Structures are given as structure tokens and as C-alpha cells.
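What follows is each chain in one-letter form.
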Amino acid sequence: MSGAVKFKNNVKISERHGGGEWLAERVLLTALLSLGLWLASTAFTLAGATYKAVLDWFAKPLNAGLLAVTAVLLFGYLSLAWKVILEDYVPQVGARKALTGLLNLVFFVLVAASLFFIVRLALGSAPLPAGFGA
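Below you will find a few notes about this structure.

Thresholds, definitions, all that
Residues numbered from 1 in each chain as written. Predicted model: local features only at pLDDT ≥ 70, side-chain atom pairs only at ≥ 80, totals over all residues. Heavy atoms only, no water. Helix = DSSP H or I, 4+ residues; strand = E, 2+ residues; numbered from the N terminus. Buried < 20%, exposed > 50% of the residue type's maximum accessible area, 1.4 Å probe, protein only. Contact = heavy atoms within 4.5 Å. Areas by Shrake-Rupley, 256 points an atom, 1.4 Å probe, with all protein chains shown as cover. Core = buried A, V, L, I, M, F, W, Y, C linked by side-chain atoms within 4.5 Å. Arc of directions from axis to C-beta. Patch = residues over 30% accessible without salt bridge, like charges linked within 9 Å, V, L, I, M, F, W, Y side chains within 5 Å. Salt bridge = Lys/Arg side-chain N within 4 Å of Asp/Glu carboxyl O. Axes fitted to C-alpha atoms, helices over the stretch in contact; angles between N-to-C directions. Parallel < 35°, antiparallel > 145°, perpendicular 65-115°, else oblique. Nonpolar A, V, L, I, M, F, W, Y, C, P; charged D, E, K, R; others polar. Left-handed = near helix turned anticlockwise from the far one by under 90°.

1. Considerations on the overall build of the chain
Helix and strand content of the chain: 4 helices and 2 strands. Its helices and strands taken in sequence order, the chain reads β-β-α-α-α-α from the N to the C terminus. Buried residues in the chain amount to 22% of all 134 residues. A separation threshold of at least 6 residues defines the contact pool for the chain, and within that pool the share at least 24 residues apart is 66%. Here the chain displays about 9,600 Å² of accessible surface, and carbon together with sulfur accounts for 71% of that area.

This is how it looks when you write it as C-alpha cells:
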């Protein structure tokens, strides 16, 4: 009886609910583990390096590209993870949708800022425009 509605504790359940998100989380996490190891080894290598050496590292397209991919995947993973947390712990649908939308906006701004700074450094510019920062 494949079309039968199933219940658990008097709540209708779906056998496929969240399957796509679960798979996406696992794929993103697997990619992030590899990129995280690369990033950790890079940070160890660049520790104590001069500003010029770091700029030279960023100037290599492979390094800047991998760092950009890491940022996009990280914030995509965080977005999915927080969506699941909100679905589990915020019972009001309206509040859950509002919080999910707000967090997605925050993660979008963070990934956009990350990509902006990565591109600026890859092109040899200062991370911030003149007049900002110390």
C-alpha cells in the first residue's frame, strides 16, 4: 500500500521529507572537510608571512578560486543547517519563515562580502578602500 498516509504519534509523516536537504548537507560537508584541511594547511603556511607574501598567495587564481568556493559552500551549508534548526525549534510557521528569510539574507551578505574581499586581494588591492580602517 504505497499511497497510504502514515502517522507517528498521531502526526502525519512523509518518508521523503528532508531527503534532498539531508543529501545536500552531506555533499557540502564532504566538500568543506577537504577545503577545510586545505585552508588550515594554508593558514599554517602563511602564519607570520609578510603582507606581500599573502598578496602573492591571493594573486594565484587557484588559491583565490578555492577560497571563494570555500566561502560559498560554507555559507550555503550554514544556511541549510540553520533552516533545519529553525524547523525543529520554532513552532510558529510565520516566525520560522521570517527568521529563515532573515538568516538567508545575512548569509547572502556574508558570502557577498567574502567574495568582494577575496577578489580585491586577488587583484592586488588593499582589502578596504582608502580611508577605511586603521
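2. Quick look at the nonpolar core
Soluble globular proteins tend to pack their nonpolar side chains together in the buried interior. Counting 10 residues, the largest nonpolar core consists of W38, L55, W57, F58, A64, L67, A68, A71, I118 and L121. Those residues in contact with F58 that lie beyond four places of it in its chain are A64, L67, I118, L121 and A122. One finds L28, L32, L35 and L80 within the second-largest nonpolar core, a separate group that totals 6 residues.

3. A look at helix α2 (residues 51-59)
What α2 keeps buried is the set L55, W57 and F58. In an axial view of α2, the angular spread of the buried residues amounts to 155 degrees, which keeps them on one side of the axis.

4. Brief notes about the environment of W38
If you trace the backbone, W38 turns up in helix α1 (residues 19-46). Measuring from C-alpha to C-alpha, the distance between W38 and L66 comes to 9.1 Å, with 28 residues separating the pair along the chain. Sequence-distant contacts of W38, that is, excluding residues within four places in its chain, are made with W57, N63, L66, L67 and T70.

5. Observations regarding a nonpolar patch on the surface
Together, L99, L102, L105, V106, F108, V109 and L110 give the surface a local cluster of nonpolar side chains, amounting to about 630 Å² of exposed area. With respect to the secondary-structure elements, L110 resides in helix α4 (residues 93-122).

6. Brief notes about the packing of α2 against α4
α4 packs onto α2 with a crossing angle of 105 degrees between their chain directions and a minimal axis gap of 7 Å. The angle between α2 and α4 places the two elements in the roughly perpendicular class. Where α2 abuts α4, its residues Y51, L55, F58 and A59 lie against I118, L121 and A122. Across the contact of α2 with α4, the residue classes break down as 7 nonpolar, no polar and no charged.

7. Quick notes on the packing of α1 against helix α3 (residues 61-89)
Interaxial distance between α1 and α3 falls to 9 Å at its minimum, and their mutual angle equals 140 degrees. As judged from the angle between their axes, α1 and α3 are oblique. Between α1 and α3 the crossing geometry is left-handed. Across the contact of α1 with α3, the residue classes break down as 17 nonpolar, 3 polar and 4 charged.

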